[in-house]
Amino acid sequence: MRLRTDERGVTVQIGTVLLFGVLVILLSIYQASVVPQQNEQVEFTHNQQVQSQLQELRDDLHRTAATGSDGSASVALGTQYPVRAFFVNPAPPSGTLRTRPPANLTLENATASGETGDYWTGTARNFSTRGLTYDPLYHVYQNPPTTVYDNGILYNRFDGANRTLAGQRLVDGNSISLVALNGSLSKSSSSTATVDLRSVSAATRTVTVGNDSNNVSILVPTKRPADEWEDLLSAELNQTKGDDRYIRAVEEDPDRSAVRLVLEPATYELELAKVGVGTDVIDTDPHYVTDVRGDSASVAENSGQELIVEVRDRFDNPVSGTSVNVTLDSALSADELAAQGQRGDQLTDLTTDAEGRVAIQYDAPTGFDGANRNVEVRIGMASVPPAGGGFAPGTPENASLNLTAVNADGSGLSGSGGSDAAYQTLWDIPAIETEPGTTCYAANDTCRYDQSAGASVALTAKTVPTAQNAPVEFSVNDTTVAEFASDRLNTDTDGRATVDLDTVTTGVVNAYAASGGSGDALAIEVYSSGASGLTYNDDGQATDSPTDGGTTESALEFSVTNRFDQRLTITDVTVAPQAGFINRLNDPSGREGKWESELYVEANLQNGVTDVPGGTDLPTTIDMDADGHSGANVEAVLSSGSDATVFLYKFQFQAGFGTRDQDMNGRAVDITLAYELADGTTGTLTFTVTG
């Protein structure tokens, strides 16, 4: 008996198998081609993201260098592929961010004046710095670039070329900005890493340097060739001379991987900073001491002079909490020093404040006879300076401030009961009396000066017999009333020297002139008659917003008085800094108010405010009712006899490290106020404000 074979359904089974095979093949093709393509796009997009994040890291690094505030930045070292239900992804791609080996950035042939010149002597100064590199580890994206941060430049390094992402900040006109990167960092991950930035030495000081016998040069460690650096520096390169570009040449260094930027003979504003990343960050130490105020001053008997010295690190920035010692080297018997509760000829272990400074008071004797005396105040960091010999003021750790103690009444000299003077030095009363607003009384050596005639009055001293090119020392007994624009001038061919006495307020001040072992005193009463005019009160000072903690002092505050017999409106304010490295006035808050506007004027009838959109480049003229945001264009109005206080906020410097607030202490700005009176009369007042 035979069994029959039933083949019904075989076709269906075969079809199912074939369909499954086709599906497997399609899935395999998708896995082999489509998935890699999609993953490659993920990797490429991630690489673009990392480049953007590294640009932000670069900007944060320079912001930390400029402000002194620590920062952080996030970098996505790796990424994740999209989740796939039926397909297989490789392990997530990762990357490594690490510091490069240290190398020296060198500044050559740079010299400075004064005590700062004890450090900037022209000798090559090395500053160890590192770069940063990001190396991705992708599965599909072939030949991705290594992204490199190198001395302010961010670029992609490919096998055969380099592509710049962010340009150089080393040289901008006559400004040099160098930031050293310190520490050790190495992070490898497929996730996001946080890079903490620590301010080691913030660029709070600018030092003026120039060339001595050879051109100032910057030796920059780099893997990039000189021709690429020429492209990076094209806006600053001056191979023909004669314009405002200062880089003469870019040269390969034959001894190391570096290029040398050779600068034109000129003076340069130098800023240095140090920022740490990762571990093993090395702090800076006190390196040199310099004078800030008081050197070469003339101090009349029975008066005093404030002296300020500052301790700095190798990056020219102040160091707080450092001890200094002070010694008075003087032949006088009754003069002395005072600081931080100590008084005498020798002060020890004085501590620098948050600005790295120590204030010292020198008090001259109540009186002495004979010629003027030279006095030296010696500063030492490493030890207590000796009086007499054995002191080396030219070393970086020492400083010397030289003063002249003035025998103001000429006692013990010829013409005053003595015979030591080579010639007599006297105030020229007839010449002084010709000055506007001045009335003198020769019988008792006094003068009256009407401050309404101007903020300053010229005083002339003469020598009898005539002494040409003789140094004349000028001083006052009360700087709160008035002070001389110069402490020392030489006489001209007729034996006279004329100096401006800048009045501060009303009162009586004794003005002294001394030279050749002789001196004269003149009592001056400063008063105000209330004559018509808009006058500057000569009370300019550096100040700051309370919200800034009072640390940067990047604002100027001053006042003017309306001495007209009618209402006055301030319509325009022209601001022109005398220092070229102050080039912007910008308050970035975006709000309107006294400390949220570039220009604010407090007046009794109407406060004036102009909040300039995006700030303004300097020099500039601000039209108070047109240049501000909508709703913040208000002119200042003050009544007859009233004062107006002007606030300019903030002064900034834009170059090198980017935008940072500028310390206005000791910096001068020329101001012009345009005004209109109630009767339609217009006018201007121009003066100089020093912070």
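Remember, predicted model here, so these are calculated numbers, not experimental data. (Residues numbered from 1 in each chain as written. Predicted model: local features only at pLDDT ≥ 70, side-chain atom pairs only at ≥ 80, totals over all residues. Heavy atoms only, no water.)

Caption draft 1: Fine view of the overall build of the chain. When you go through the chain residue by residue, the secondary structure sums to 3 helices and 54 strands. Over its C-alpha trace the chain gives a radius of gyration of 35 Å, far above what one expects of a compact globule, namely 26 Å for 691 residues. If one aligns the C-alpha atoms of the chain with their principal axes, the spans along those axes are about 165 × 70 × 55 Å. Within the chain, counting contacts between residues at least 6 apart in sequence, those at least 24 apart form 69% of the total. A total of about 30,100 Å² of accessible surface is found on the chain, and carbon and sulfur atoms cover 46% of it. (Helix = DSSP H or I, 4+ residues; strand = E, 2+ residues; numbered from the N terminus. Rg over C-alpha atoms; globule rule 2.2 N^0.38 Å. Contact = heavy atoms within 4.5 Å. Areas by Shrake-Rupley, 256 points an atom, 1.4 Å probe, with all protein chains shown as cover.)

Caption draft 2: Spotlight on the pairing of strand β16 (residues 247-252). The sheet contact formed by β16 and strand β17 (residues 258-263) spans 5 bridges and is antiparallel. Paired with Val250 across the two strands is Leu261, which belongs to β17. Counted along the chain from β16 to the antiparallel partner β17, the turn is 5 residues long. (Pairing = 2+ DSSP bridges.)

Caption draft 3: Expanded view of the side chain of Ser303. Locating Ser303 in the fold gives a position in the loop between β20 (298-300) and β21 (304-312). Of note is the side chain of Ser303, whose polar atom sits 2.4 Å from the backbone oxygen of Ala300. In this structure, Ser303 is in contact with Tyr362, Asp363 and Ala364, ignoring residues within four places of it in sequence. (Polar contact = N/O pair within 3.5 Å; in protein donor to acceptor, adjacent residues only side chain to side chain.)

Caption draft 4: Structural detail: the pairing of strand β33 (residues 471-476). Among the 6 residues of β33, 5 are classified as buried, and the element is accordingly described as predominantly covered. Where β33 meets strand β35 (residues 488-490), 3 bridges bridge the pair, whose relative direction is antiparallel. Residue pairing for β35: Pro471 is matched across the bridge by Asn490. Relative to strand β37 (residues 507-515), β33 runs antiparallel, the two sharing 4 bridges. The residue of β37 that forms the bridge with Ser475 is Tyr512. (Buried < 20%, exposed > 50% of the residue type's maximum accessible area, 1.4 Å probe, protein only.)

Caption draft 5: Molecular detail of the packing of aromatic side chains. The final tally for this structure, using the stated rule, is 14 aromatic pairs. Here Phe44 and Tyr141 contribute two aromatic rings whose centre-to-centre distance is 5.7 Å and whose plane-to-plane angle is 75°, an arrangement assigned as edge-to-face. Here Phe44 is found in helix α1 (residues 10-67), whereas its partner Tyr141 is found in the loop between β6 (132-137) and β7 (146-150), with 97 residues between them in sequence. According to the relative accessible area criterion, Phe44 is partly exposed, its value standing at 35%. On the numbers, 5.6 Å between centres and 75° between planes, the contact of Tyr246 with Tyr268 is edge-to-face. A residue pair is termed long-range when its members are at least 10 positions apart, and Tyr246 in the loop between α2 (226-232) and β16 and Tyr268 in strand β18 (residues 267-277) qualify at 22 residues. Among the residues examined, Tyr268 registers a relative accessible area of 0% and is labelled buried. Arg224 extends its terminal NZ or CZ atom over the ring of Tyr155, reaching a point 4.4 Å from the ring centre. (Phe/Tyr/Trp six-rings, centres within 6.5 Å; stacked < 30°, edge-to-face > 60°. Lys NZ or Arg CZ within 6 Å of the ring centre and 35° of its normal.)

Caption draft 6: Fine view of the pattern of salt bridges. Per the stated rule, a full pass over the model turns up 23 salt bridges. Arg488 is paired through a salt bridge with Glu473; the nearest N and O atoms lie 2.8 Å apart. With a gap of 15 residues between them, Arg488 in strand β35 and Glu473 in strand β33 connect regions that are remote in the sequence. (Salt bridge = Lys/Arg side-chain N within 4 Å of Asp/Glu carboxyl O.)

Caption draft 7: Structural view of the environment of Ser33. Structurally, the position occupied by Ser33 is in helix α1. Under the relative-accessibility criterion, Ser33 is labelled partly exposed at 28%. Distance in space between the C-alpha atoms of Ser33 and Asn162 is 31 Å, their sequence separation being 129 residues.

Caption draft 8: Representation of the nonpolar core within the structure. Ranked by size, the top nonpolar core spans 39 residues in total, and within it Val560, Ile570, Leu648, Phe651, Ile671 and Phe687 carry the most contacts. Considering every element that reaches this core, the biggest residue donor is strand β53 (residues 668-677), with 5 residues. For Val560, the contacting residues outside a window of four places in its chain are Leu534, Thr535, Tyr536, Asn537, Ile570, Ser642, Asp643, Ala644, Leu673, Leu685 and Phe687. Counting residues in each nonpolar core, the second largest holds 35 residues, with Phe127, Val209, Val216 and Tyr288 among its members. (Core = buried A, V, L, I, M, F, W, Y, C linked by side-chain atoms within 4.5 Å.)

Caption draft 9: A look at the sheet that holds strand β26 (residues 357-363). Sheet architecture is open: 5 strands sit in the order β19-β21-β26-β23-β24, paired in antiparallel fashion. Each edge of the open sheet is held by one strand with a lone partner, namely β19 (288-293) and β24 (342-344). Geometrically, the sheet is characterised by an average inter-axis angle of 25° between neighbouring strands, direction not taken into account. In terms of strand pairing, strand β23 (residues 336-339) meets β26 through 3 bridges, oriented antiparallel. Bridge pairing links Leu337 to Tyr362 in β26. (Axes fitted to C-alpha atoms, helices over the stretch in contact; angles between N-to-C directions.)

Caption draft 10: Molecular detail of a nonpolar patch on the surface. A cluster of nonpolar side chains, namely Phe20, Leu23 and Val24, defines an oily patch on the protein surface of about 290 Å² accessible area. With respect to the helices and strands, Val24 occurs in helix α1. (Patch = residues over 30% accessible without salt bridge, like charges linked within 9 Å, V, L, I, M, F, W, Y side chains within 5 Å.)

Caption draft 11: How the structure looks around the sheet that holds strand β38 (residues 518-527). Strand order in the open sheet made by the 6 strands is β30-β31-β38-β37-β33-β35, with mixed pairing throughout. Every interior strand has two partners, whereas the edge strands, β30 (438-441) and β35, have only one. Recorded for the sheet is a direction-independent mean angle of 25° between the axes of neighbouring strands. Looking at chain direction, β30 and strand β31 (residues 446-450) are connected through 4 bridges and run antiparallel. Looking across to β31, one finds that Thr438 is bridged to Tyr449.

Caption draft 12: Region of interest: the state of the cysteines. All told, the structure shown has 1 disulfide when counted by the stated rule. Note on cysteine connectivity: Cys440 is disulfide-linked to Cys447, with sulfurs 2.1 Å apart. Sign of the S-S torsion, about 105° for the bond between Cys440 and Cys447, identifies this disulfide as right-handed. Across the pair, exposure class does not vary: Cys440 and Cys447 are buried alike. (Disulfide = S-S within 2.5 Å.)

Caption draft 13: Structural view of the layout of surface pockets. Approximately 720 Å³ is the volume attributed to the second largest pocket. Lining the second largest pocket are 30 residues; nearest its centre among them are Ala66, Thr67, Ala202, Thr204 and Thr552. Within the residue set of the lining of the second largest pocket, elements represented by two or more residues are α1, β13 (192-201) and β52 (658-661). (1 Å grid on protein atoms, 1.4 Å probe; cavity = no way out; pocket = protein on both sides within 12 Å on 5 of 7 lines; lining within 4 Å. Points joined across faces, edges and corners; volume = space filled by probe spheres on them.)

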